Each structure stands twice: as structure tokens, then as C-alpha cells.
Amino acid sequence: MSQKVLLSSKEINIILHRLACQLLEHHLDFTETALIGIQPRGIFLAQRLSKILKEDYGVKQINLGLLDITFYRDDFRRGEKTLEASSTKIDFLVEGKKVVLIDDVLYTGRSIRAALTAIQSFGRPKEIELLTLIDRRFSRHLPIQPNYRGRQVDAINEEKVKVMWKENDGKDIIYLVSK
Amino acid sequence: MSELSVRHLLGIKYLKEEDIQLIFETADHFKEVINRSIKKVPSLRDITIANIFFESSTRTKLSFELAEKRLSADVINFSASQSSVRKGETLIDTVNNILSMKVDMVVMRHPSPGAGIFLSQHVDAAIVNAGDGAHEHPTQALLDSYSIREKLGDVAGKNVVIVGDILHSRVALSNIFALKLQGANVKVCGPRTLLPKHIESLGIEVETNLIKALNWCDVANMLRIQNERLDISYFPTTREYTQQYGVNKAILDGLDKEIVIMHPGPINRGVEITSDVADSKQSIILNQVENGVAIRMAVIYLLASKIKTR
């Protein structure tokens with residue numbers, strides 16, 4: 001097994017600020033916007049973006065939610081293991097809001113398909129966008145593309161993109177791991 | 001742990017402590033789901049579940065059916081009173097006929113103890129025991145412990161007394177197993193005639209004085225007198241039973257501390273508890289009913305995930 005660094009801590013920081021600015025350009029004051037981090041790994045990115053928007057760009061109030069998609073996945077009973085759920089925490093109405101789904105890696109698109117179904121349980125959003133830090137090109141199983149992307153990566157199926165966050169894994173770094 | 005150690009839920013006796021914790025953690029997520037405006041998830045859309053009830057039930061049957069529907073399973077219902085069982089068909093034949101219609105899971109209530117275990121050895125489907133005679137009622141015990149955990153933070157170390165007709169109660173036996181497994185202290189309380197002999201061998205204590213039992217406990221689980229199972233007279237009159245083992249507001253107010261009152265239902269108001277107790281702040285009876293749906297969703301979800309796709 002070998003791994004190479006895709007993005008360093010410094011590069012991640014620059015990309016996060018660019019993504020924050022792109023969000024700002026489209027959503028301005030964020031009163032009618034909801035940022036939804038997809039469990040389990042998308043929540044770190046969502047929380048980080050929300051922090052940057054508040055601290056560096058003076059956004060006062062951000063609707064930040066965490067969405068678990070386990071019960072909406074299409075591979076229930078198809079793998080060896082029982083799918084384990086995480087918590088969902090959305091303490092505002094998404095009805096009529098502009099929702100931005102946030103996940104760290106966009107690969108087959110199946111998680112996003114599940115998230116699109118799951119978010120409907122909380123109301124009818126005005127529109128839904130997708131933000132992803134790493135976009136693995138040419139590997140989609142579904143017609144799903146991000147509105148905001150950090151970095152596009154060409155990776156073959158045997159390779160794995162590993163995103164690590166300071167608050168969870170000790171440091172910010174992204175690896176491309178091959179078997 | 002992310003997987004149950006069993007393929008069927010036949011009784012608490014067959015579960016490990018980690019199984020119970022996994023069911024509770026999964027139920028936490030489902031409890032959040034059933035409090036949304038859209039209370040349904042699509043997980044079990046390719047699973048068919050048969051609810052087979054050879055004994056009457058309202059709460060349990062409704063709760064199971066609701067849990068199954070909220071998981072998007074297809075549900076068929078079967079009551080013995082309207083079926084070929086009346087015409088002499090055996091249990092295995094009845095169930096195999098239902099299974100040949102491609103059913104994946106059977107939820108069964110039966111008057112004979114061990115009926116679920118017997119069935120699990122003879123048919124190819126996941127079996128959930130929804131009560132087998134005076135033996136076990138595992139989902140009830142799970143939701144009872146879950147409600148204690150929700151109210152008091154933890155089950156371990158808590159003092160729980162089960163009051164009433166222990167002899168004929170499947171709820172009592174499943175609760176004893178579940179509570180002991182989680183490290184609670186358990187006493188049973190009732191007239192000697194309604195306490196099984198040697199029940200202490202389960203690692204619990206017997207107390208025939210209600211006031212002493214209530215002063216000792218954090219939680220009192222009040223059971224109904226199972227009149228339909230009383231073949232002989234176990235106590236002189238209902239009135240006398242109520243005087244010795246019924247809980248009323250005066251008794252509750254006279255205790256040293258505020259205890260939690262539970263009841264698996266159906267309540268015989270004025271017999272084992274009075275209305276003002278059943279409807280008091282200390283009662284979590286309706287929370288138990290709400291938690292029942294979340295617990296049954298968790299059990300069905302976890303068992304269904306072990307059924308492989310055909």
C-alpha cells in the first residue's frame with residue numbers, strides 16, 4: 001500500500017477560503033440558506049466552512065445542519081456489514097430555503113442521491129446545491145455534479161481518497177491511497 | 001459492534017449486553033426520524049413482513065405495524081381468529097404457506113411458550129417474538145429499559161421493582177433478563193401466590209410488602225392481573241389485591257423520594273394503579289408507547305440487515 005499527498009494543510013486552507021467566497025457570492029447574507037453536512041465525514045467540512053464564513057467574512061447567522069443518510073442508502077443488505085447510522089441534527093426548517101449539501105469526497109454520487117431523498121423529509125427546499133472538497137472525475141454512477149468543488153482528481157477504482165481533519169484526525173491533509 | 005449476534009429476536013435470554021446497546025443506539029436515530037414531519041425512511045422497501053397474531057393484541061400489533069411501515073416494509077397481517085388455524089392447520093404449515101408468498105420476516109404472538117423458538121428451527125425467515133405465552137416479550141422489555149435510560153440516563157445501578165402478577169407475565173421475565181443484563185438491581189413484588197417458586201434463582205429479590213419495595217426502588221413497573229390466564233383463584237378479591245398491591249397518589253406522596261411509574265398496558269385503572277397515578281408527572285407510560293415504535297424499528301432494521309438479498 002502506498003499513499004501520496006493530494007493536498008497539504010496550506011492548500012486545503014486556501015481552497016476552503018475560495019469555497020467560502022464562492023458560497024458568499026451566491027448566497028450573500030445566508031438568511032435563506034442552509035448548509036447541510038453529510039454524515040459521517042462531510043460534517044467537518046461543513047463546520048469548517050461555517051466557521052470561516054462567520055469569523056473571516058462577518059456572516060452573522062448560518063443555518064448549519066448535519067444529515068445522516070444511512071436509512072436512505074441503496075445498498076442496504078447488499079454488503080457484509082450492517083449499515084451503522086449517525087445522528088441527524090437539523091433544528092431549522094428547510095422549507096423554502098436554498099440548501100447546500102456538503103460532503104468531503106464525491107465519488108459514485110450514490111451518497112448524494114440518498115441525501116437528496118433524505119433532505120425531503122425536512123420540507124421542500126427552494127433549491128439544492130452540492131459542494132464537495134474532492135471531486136473524483138469519471139467515476140460517477142449517477143448524473144450528479146457539484147456546484148462548488150475544491151479539487152478535481154483522477155483516481156482509479158482501486159485507489160482511495162483519504163481526507164483527514166485537524167479536529168478529528170490530528171491534522172489537515174488529503175492522501176491518495178493505492179493498494 | 002455494528003451487528004446483532006442473533007438472526008431472530010426470540011427472547012432477551014438469547015441477547016448479549018452489546019446487542020441491547022446497539023438496539024438502543026439505533027432506536028435513538030429512529031426516534032429522531034419519527035419526530036420529523038415526514039416520519040418514514042425507505043430502508044426496507046424490498047422486505048415483506050408478516051404479523052401473525054394467535055392471541056389478541058392492540059398496542060403491540062399497532063406498534064409493530066407502524067414500525068414496519070415507517071421503514072417502508074410491505075406488511076401483511078394475519079389473525080388466528082379469522083384463519084385456517086380454526087380449520088385444523090398446524091403452526092408450521094400456516095407459516096410455511098405464508099412464507100411461500102415470499103415473506104422475509106415473521107412477527108409472531110402465540111399463546112404457547114417457546115412457539116417462536118420452535119418456528120425459528122423449522123422455517124426459513126427471521127422471527128420476532130411479540131409474546132409467547134407466559135414466557136418472553138422481548139420488545140416490551142427493550143422499550144421499558146430504553147424508557148428508563150431516557151428518563152434516568154442509565155439502567156445500570158438503578159433499582160427496579162416489578163409489581164403484580166409475575167407468575168403469568170412474559171413482560172416480567174423479559175424485563176428481569178434485560179435489567180440484569182444491563183446491571184440493574186431487580187426486585188419483584190406481589191402476593192406469594194403470584195410469584196413463581198425459585199424466582200430468586202434469576203438473581204433477583206422477592207419483596208411482599210409494597211411500601212418497602214417502593215421505598216427501595218427508583219422505578220416501579222406495575223403489571224396488570226392477567227385475568228385471562230388465571231385458571232384458579234390466586235387472591236380472595238380484586239378489591240383486596242388493590243388494597244395491598246395497588247398504587248395510589250397517597251402512597252406515592254408518602255415515599256421518601258420521587259419514583260418513576262411504568263406500565264406495559266393495558267391498564268386496569270383503579271386496580272393496580274389509580275388514574276391520578278397513571279396520569280401523573282411521575283408516570284412515563286405514554287413515553288413507553290412512543291419509544292415502542294422506535295425500538296421495534298431498530299429491532300426490525302437490525303434483523304433485516306442480516307437477511308441477504310435473493
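Remember, it's a predicted structure, so these values are computed and weren't measured experimentally.

Cut-off values and rules
Residues numbered from 1 in each chain as written. Chains lettered and ligands numbered in written order. Predicted model: local features only at pLDDT ≥ 70, side-chain atom pairs only at ≥ 80, totals over all residues. pLDDT = per-residue confidence, 0-100. Domains from an automatic or database assignment. Contact = placed C-beta atoms within 7 Å. Helix = DSSP H or I, 4+ residues; strand = E, 2+ residues; numbered from the N terminus. Nonpolar A, V, L, I, M, F, W, Y, C, P; charged D, E, K, R; others polar. Pairing = 2+ DSSP bridges. Axes fitted to C-alpha atoms, helices over the stretch in contact; angles between N-to-C directions. Core = buried A, V, L, I, M, F, W, Y, C linked by C-beta atoms within 7 Å. Buried ≥ 20, exposed ≤ 12 C-beta atoms within 10 Å, placed from the backbone.

With respect to the confidence of the model for chain B
1) Next: Chain-level statistics for chain B give a pLDDT mean of 93 and a share of 98% at 70 or above.
2) Next: We note a pTM of 0.91 for the whole complex and an ipTM of 0.83 for its interfaces.

Digging into the domain arrangement of chain B
All names here are of chain B.
1) Next: Here chain B is partitioned into domain 1 (12-137 + 289-304) and domain 2 (138-288).
2) Next: Taking the mean C-alpha position of each, domain 1 and domain 2 sit 25 Å from one another.
3) Next: Between domain 1 and domain 2, the contact holds 24 residues from the first and 25 residues from the second.
4) Next: Mapped onto the side of domain 1 that touches domain 2, the elements with two or more residues apiece are α1 (17-33), β4 (126-132) and α11 (285-304).
5) Next: Looking at the side of domain 1 that touches domain 2 element by element, the count peaks at seven residues for α11.
6) Next: Split into classes, the residues belonging to the side of domain 1 that touches domain 2 amount to ten nonpolar, seven polar and seven charged.

Description of the sheet that holds strand β8 (residues 173-178) of chain A
All names here are of chain A.
1) Next: Taking strand neighbours across the sheet as the criterion, the three strands line up as β1-β8-β7 in an open arrangement whose pairing is antiparallel. For this open sheet the edge positions go to β1 (2-7) and β7 (160-164), each flanked by a neighbour on one side alone. For this sheet the average axis-to-axis angle between neighbouring strands, irrespective of direction, equals 30°.
2) Next: Pairing geometry for β7 and β8, over five bridges, is antiparallel. Within the sheet, the bridge partner assigned to K160 lies in β8 and is V177.

Things to note about the sheet that holds β4(B)
Residue and element names in this part refer to chain B.
1) Next: If you trace the four strands from one edge of the open sheet to the other, you get β2-β1-β3-β4, paired in parallel fashion. The sheet is open, and its two borders are formed by β2 (74-79) and β4, each paired with just one other strand. Strand after strand, the sheet turns through a mean of 15° between neighbouring axes, direction not considered.
2) Next: One ladder, built from five bridges, connects strand β3 (residues 105-110) with β4; its direction is parallel. Within β4, the position partnered with V106 by the bridge is I127.
3) Next: Helix α4 (residues 115-122) rests against β3 and β4 of the sheet, and its axis sits at about 165° to β4.

As for the nonpolar core
All names here are of chain B.
1) Next: Residues M105 and A220 are the most contacted members of the largest nonpolar core, which totals 139 residues.
2) Next: Of the residues forming this core, the biggest block, eleven residues, is contributed by α11.
3) Next: Each of domain 1 (12-137 + 289-304) and domain 2 (138-288) gives at least three residues to this core.
4) Next: The contact partners of M105, leaving out residues within four places of it in the chain, are I47, I49, A125, A126, V128, L303 and A304.

Here we look at the environment of A:I119
1) Next: For A:I119, the location among the structural elements is in helix α3 (residues 110-119).
2) Next: When the C-alpha positions of A:I119 and A:S86 are compared, they lie 15 Å apart, and in sequence the two are 33 residues distant.

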